[in-house]
Amino acid sequence: MAKYLLLKHYRGPKTSLNDAPMDQWTPEEVDAHIRFMHDFAERLERTGEFVDGQALAPDGMWVRWDGDDRPAVVDGPFAETKDLIAGWMVIDVESRDRAVQLAGHLSSAPGAGGRPIGEWLEVRPFLEAPPTITE
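A few points on the structure. (Residues numbered from 1 in each chain as written. Predicted model: local features only at pLDDT ≥ 70, side-chain atom pairs only at ≥ 80, totals over all residues. Heavy atoms only, no water.)

### Topic: the nonpolar core
The condition that has to hold: Here the nonpolar core consists of buried residues drawn from Ala, Val, Leu, Ile, Met, Phe, Trp, Tyr and Cys, with membership extended through side-chain atoms lying within 4.5 Å. Partly exposed residues are those whose accessible area sits between 20% and 50% of the maximum for their type, while under 20% is buried and over 50% is exposed, using a 1.4 Å probe and protein chains only. What counts as a helix is a DSSP run of H or I of at least four residues, what counts as a strand is a run of E of at least two, and both are numbered from the N terminus.
Residues M89, I91 and L106 are the most contacted members of the largest nonpolar core, which totals 17 residues. Counting residues per element, the ones that place at least two in this core are β1 (2-9), α1 (27-47), β5 (85-93) and α3 (96-106). Among the elements that make up this core, the one with the highest residue count is α1 (5 residues).

### Description of α3
What counts here: Directions from the helix axis toward the C-beta atoms define the arc. In what follows, a contact means two residues having at least one pair of non-hydrogen atoms within 4.5 Å.
Those residues of α3 not exposed but buried are A99, L102, A103 and L106. One side of α3 holds all its buried residues, which, seen down the axis, span an arc of 100°. Buried residues along α3 sit against β1, α1, β5 and β6 (121-125).

Laid out in structure tokens, this is it:
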């Protein structure tokens, strides 16, 4: 089994098939989308492939250690993950092909008008072992 991170971006490398922003959806369309996501996760729980998943709020900040026992909050001017990442899901599957298959299905979540979003999902394998350094 291998773990993969499925990242849901607000903006992918190419425009989604159904590109209406979620803040322009009706409450019923938002509910249908969330219901799809929950149903998808429940199916993966039954097969033992679901690890975790969360939608992310648009609020957020960058924080770094400032050297004097107090973190400095930094917010811009750079591309921020809060502007890019809508949510994530971690799956534990038998193969890369299965991860791609599940990501493809997740991409079909309904959006505006009940039509599939067809969004691009980033599929990233977990690092299984630290890289070996040889001289």
